[in-house]
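Spelled out, the chains give:
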Amino acid sequence: MNLPEHSPLGKASAYADQYDPALLFPIARAGKRAEIGVAGRAPFFGADLWTAYELSWLNPRGKPQIALAHFTVPCETPNIVESKSFKLYLGSFSNTVFDDAEAVRARLRADLSEAVWRGSDTPAKIGVRLLGPEQFDRQPIQELDGLSLDRLDLDCSQYQPAPELLRASFDEQPVSEVLTSGLLKSNCLVTGQPDWGSVQIAYSGPQIDQAGLLRYIVSFRNHNEFHEQCVERIFMDIWRRCRPVKLSVYARYTRRGGLDINPWRTSHPGAVPANVRTARQ
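Keep in mind that this is a model prediction, so the values were computed, not measured.

This paragraph deals with the sheet that holds strand β5 (residues 127–131). Sheet architecture is open: 8 strands sit in the order β5-β3-β2-β12-β11-β9-β8-β6, paired in mixed fashion. Every interior strand has two partners, whereas the edge strands, β5 and β6 (147–148), have only one. Pairing of strand β8 (residues 175–187) with strand β9 (residues 194–205) involves 11 bridges; the strand directions are antiparallel. Across the sheet, the residue bridging to Ser-181 is Val-199, located in β9.

Set out below in structure tokens:
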């Protein structure tokens, strides 16, 4: 099993410019899920939405081509792909000739699907969409919808995940709310580099104390974990502490190395959020 410390993260790396799918470094989701009490089938659905901003290759005449790429990786896959290895893999396309953008998309889909489903008896294909330069100026920027918790004027003093801060009104009428914060920050599991994000929490059930929820979000500030793992930890802590009937947690992290990662987890199946970047992304 690949471990995070064996990945390219935090190490000097040669940057290949010829296509090399062996650069992809899958890491099993199971280990970190076990830490939050998730064994076997997870009590959530969802996907990881990736955007690549630095994708380029050569056409048959040697002329560089560029595109943005959107990837949709179901959270049911047994693996994530470590982000630096993803960057190195995408970089390996830069001096490689492809017939057209569809050939690039097909290659990306095949390689990434193999990596994230590796070890599964029921592999499937991930979603991949390329956007050419003619579409760049039509890409929207939008903040996460919902009532901002950041409006609250309060003291914060805990900077490691503190689920005990979460409280809900179990003896009052249930509510449905969509709450957001731009104050999510965690650190890379391996390098400790900061990861900045915004988070949206939509739920139905006992009303969650907003001050406690904001302090809880802030408590991730010095926590070292990958994006996907942070969102699953947030989901499970709210699910257990506040006991909503329905819950979804969606985070959009700022990019690093030309990639942003935006995990979404939900208690009930539904449409995957549109992969629309926020202003900080």
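Structure's up, so let's keep going.
On to the packing of aromatic side chains, then. Scanning all chains against the criterion turns up 10 aromatic pairs. Ring geometry for Phe-235 against Trp-239: centres 5.7 Å apart, planes inclined by 20°, an arrangement best described as stacked. Taken as a pair, Phe-235 and Trp-239 lie in helix α5 (residues 227–242) at a separation of 4 residues, close to a single helical turn. Overall, the relative accessible area of 25% leaves Trp-239 in the partly exposed class. Through a chain of ring-to-ring contacts, three or more aromatic side chains come together here, namely Tyr-19, Tyr-89, Phe-93 and Phe-98. Cation over ring: Lys-185 sits above Trp-196, and NZ or CZ is 5.7 Å from the ring centre. One residue, Arg-243, lies across the ring of Phe-170, its end atom 4.0 Å from the ring centre.

Counting residues in hydrophobic clusters, the biggest one holds 33 residues, and the most contacted among them are Leu-184, Ile-201, Leu-213, Tyr-216, Ile-217, Ile-238 and Val-249. It is α5 that provides the largest number of residues to this core, a total of 7 residues. When residues no more than four places from it in sequence are discounted, the contact partners of Val-249 are Val-199, Gln-200, Ile-201, Val-231, Ile-234, Phe-235, Pro-263, Trp-264 and Arg-265. Counting 26 residues, the second largest nonpolar core, distinct from the first, contains Ala-52, Val-116, Leu-130 and Leu-259.

Counted according to the given criterion, the structure contains 0 disulfides. No disulfide involves Cys-75; its nearest neighbouring cysteine sulfur is the one of Cys-230, lying 16 Å away. Free of any disulfide, Cys-230 has its nearest cysteine sulfur in Cys-188, 10 Å distant. By relative accessible area, which is 0% here, Cys-230 ends up buried.

This part takes up the pairing of strand β12 (residues 259–266). Of all 8 residues in β12, 8 are buried; the element is thus mostly enclosed. By the alternation rule, side chains of β12 split into Leu-259, Ile-261, Pro-263 and Arg-265 and Asp-260, Asn-262, Trp-264 and Thr-266, which are all buried. Relative to β12, strand β2 (residues 45–58) runs antiparallel, the two sharing 8 bridges. Of the residues in β12, the one forming a bridge with Ala-47 is Trp-264. Pairing geometry for strand β11 (residues 246–253) and β12, over 3 bridges, is antiparallel. Paired with Tyr-250 across the bridge in β12 is Trp-264. What sits between β11 and β12 in their antiparallel hairpin is a turn of 5 residues, with Gly-257 showing a positive phi close to 65°.

Let's shift gears to unusual backbone geometry. Despite not being glycine, Arg-243 shows a phi value in the positive range, around 50°. In this structure, Arg-243 sits in the loop between α5 and β11.

What follows is about helix α3 (residues 101–117). The periodicity of an α-helix, 3.6 residues per turn, causes residues three or four places apart in sequence to face the same way. Its 17 residues give α3 an end-to-end C-alpha distance of 24 Å, which sits within 8% of 24 Å, the value for a rise of 1.5 Å per residue. Of all the residues in α3, the buried ones are Val-104, Leu-108, Asp-111, Leu-112, Ser-113, Ala-115, Val-116 and Trp-117. On its buried side, α3 packs onto β1 (26–28), β2, β3 (64–74), β4 (79–81), α2 (83–91) and β5. Gly-119 sits one or two positions beyond α3 and adopts a positive phi of about 90°.

The final tally for this structure, using the stated rule, is 13 salt bridges. Residues Glu-114 and Arg-118 are paired through a salt bridge, measuring 2.7 Å at the closest nitrogen-oxygen approach. Among the ionic pairs, Glu-225 bridges to Arg-233, the shortest N-O distance being 2.8 Å. Connected through shared salt-bridge partners, Arg-29, Arg-33, Asp-48, Glu-232 and Arg-265 make up one network.

Take α2 next. Every buried residue of α2 is accounted for by Lys-84, Ser-85, Phe-86, Leu-88, Tyr-89 and Leu-90. The secondary structure elements touched by the buried residues of α2 are β2, β3, β4, α3 and β12. One side-chain oxygen at the N-terminal end of α2 lies 2.5 Å from the backbone nitrogen of Lys-84; it belongs to Glu-82.

The rules behind these values
Residues numbered from 1 in each chain as written. Predicted model: local features only at pLDDT ≥ 70, side-chain atom pairs only at ≥ 80, totals over all residues. Heavy atoms only, no water. Pairing = 2+ DSSP bridges. Helix = DSSP H or I, 4+ residues; strand = E, 2+ residues; numbered from the N terminus. Phe/Tyr/Trp six-rings, centres within 6.5 Å; stacked < 30°, edge-to-face > 60°. Buried < 20%, exposed > 50% of the residue type's maximum accessible area, 1.4 Å probe, protein only. Lys NZ or Arg CZ within 6 Å of the ring centre and 35° of its normal. Core = buried A, V, L, I, M, F, W, Y, C linked by side-chain atoms within 4.5 Å. Contact = heavy atoms within 4.5 Å. Disulfide = S-S within 2.5 Å. Expected span 1.5 Å × (residues − 1). Salt bridge = Lys/Arg side-chain N within 4 Å of Asp/Glu carboxyl O. Polar contact = N/O pair within 3.5 Å; in protein donor to acceptor, adjacent residues only side chain to side chain.

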